[in-house]
Every structure is written in structure tokens, then in C-alpha cells.
Amino acid sequence: MLLQLLTAVAALAGACCSLLAEGSGAGAVSGIAPFTAGGFVYLSTASVLPELLRPCGPAQALLQLLALLAGLAMMLLVAHFE
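Residues numbered from 1 in each chain as written. Predicted model: local features only at pLDDT ≥ 70, side-chain atom pairs only at ≥ 80, totals over all residues. Heavy atoms only, no water.

Draft legend 1. Layout of the overall build of the protein chain. Within the protein chain, the secondary structure is distributed over three helices and zero strands. Counting from the amino terminus, helix and strand elements in the protein chain follow one another as α-α-α. For the C-alpha atoms alone, the extent of the protein chain along its principal axes is close to 50 × 40 × 15 Å. Within the structure as shown, the protein chain displays about 7,100 Å² of accessible surface, and the carbon and sulfur contribution to it stands at 78%. (Helix = DSSP H or I, 4+ residues; strand = E, 2+ residues; numbered from the N terminus. Areas by Shrake-Rupley, 256 points an atom, 1.4 Å probe, with all protein chains shown as cover.)

Draft legend 2. A look at the UniProt feature "signal peptide" (unreviewed entry) in the protein chain. According to UniProt, the feature "signal peptide" (unreviewed entry) maps to residues 1-17 in the numbering used here. Between the end C-alpha atoms of residues 1-17 there is a gap of 24 Å, over a span that is 94% helix and 0% strand. (UniProt positions renumbered as here; feature names shortened; annotations may be inferred.)

Draft legend 3. Main features of the UniProt feature "transmembrane region" (unreviewed entry) in the protein chain. The UniProt feature table records "transmembrane region" (unreviewed entry) at residues 31-49 and 61-81. A distance of 27 Å separates the end C-alpha atoms of residues 31-49, which is 100% helix and 0% strand. The span residues 61-81 carries 100% helix and 0% strand; its end-to-end C-alpha distance comes to 30 Å.

Draft legend 4. Local environment of helix 1 (residues 2-20). When the terminal C-alpha atoms of helix 1 are compared, their 27 Å separation across 19 residues agrees well with the 27 Å that a helix rising 1.5 Å per residue should span. Counting buried positions along helix 1 yields zero of 19 residues, so the element is predominantly exposed. (Expected span 1.5 Å × (residues − 1). Buried < 20%, exposed > 50% of the residue type's maximum accessible area, 1.4 Å probe, protein only.)

Draft legend 5. Representation of a nonpolar patch on the surface within the structure. Residues L62, L63, L65, L66, L68, L69, L72 and M75 make up a contiguous nonpolar surface patch of roughly 780 Å² in combined accessible area. Relative to the helices and strands, L65 is located in helix 3 (residues 58-81). (Patch = residues over 30% accessible without salt bridge, like charges linked within 9 Å, V, L, I, M, F, W, Y side chains within 5 Å. Salt bridge = Lys/Arg side-chain N within 4 Å of Asp/Glu carboxyl O.)

Below, the structure is given as C-alpha cells:
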């Protein structure tokens, strides 16, 4: 529970930093973006990828593929409407 509290506090601090840096321009974004991208890469390699590589049945593999495609579609929609 303590680690979850630490994670929640870090997420709150990150949200506050991004709100404070909102009007700073491209300089703030170029400093924050690598940390954000690194966090997502760490999450995908440390927790998601081992779950996807675990042997499973065809139905589970289809669900995983559909979830992956849905995530890609959401990213495309966000990029399009941003």
C-alpha cells in the first residue's frame, strides 16, 4: 500500500508540474516528453510485454490483438483531433 501511495503522489506531482509548465512553451515540453516516453517504455517492457508473451489460447490471443488495435486507433484519433 505504501508503494501505491508513493505512485499516486508521484502522479499528482507530475500533473501539477505539467499544469505549471503549460504556458512555458516548447522548452518545457522538450524537457518533460523524454521522461514521459521513458515511463511508458518501462511499463510496456516490465509489465505488459511478459503478459503478452505468456502462452494462451486463441480466444485470449484474439482479445489481446483487438485491445492492441483499439489502443492504436485511440492514439490515431487523439493525434488527428489534437
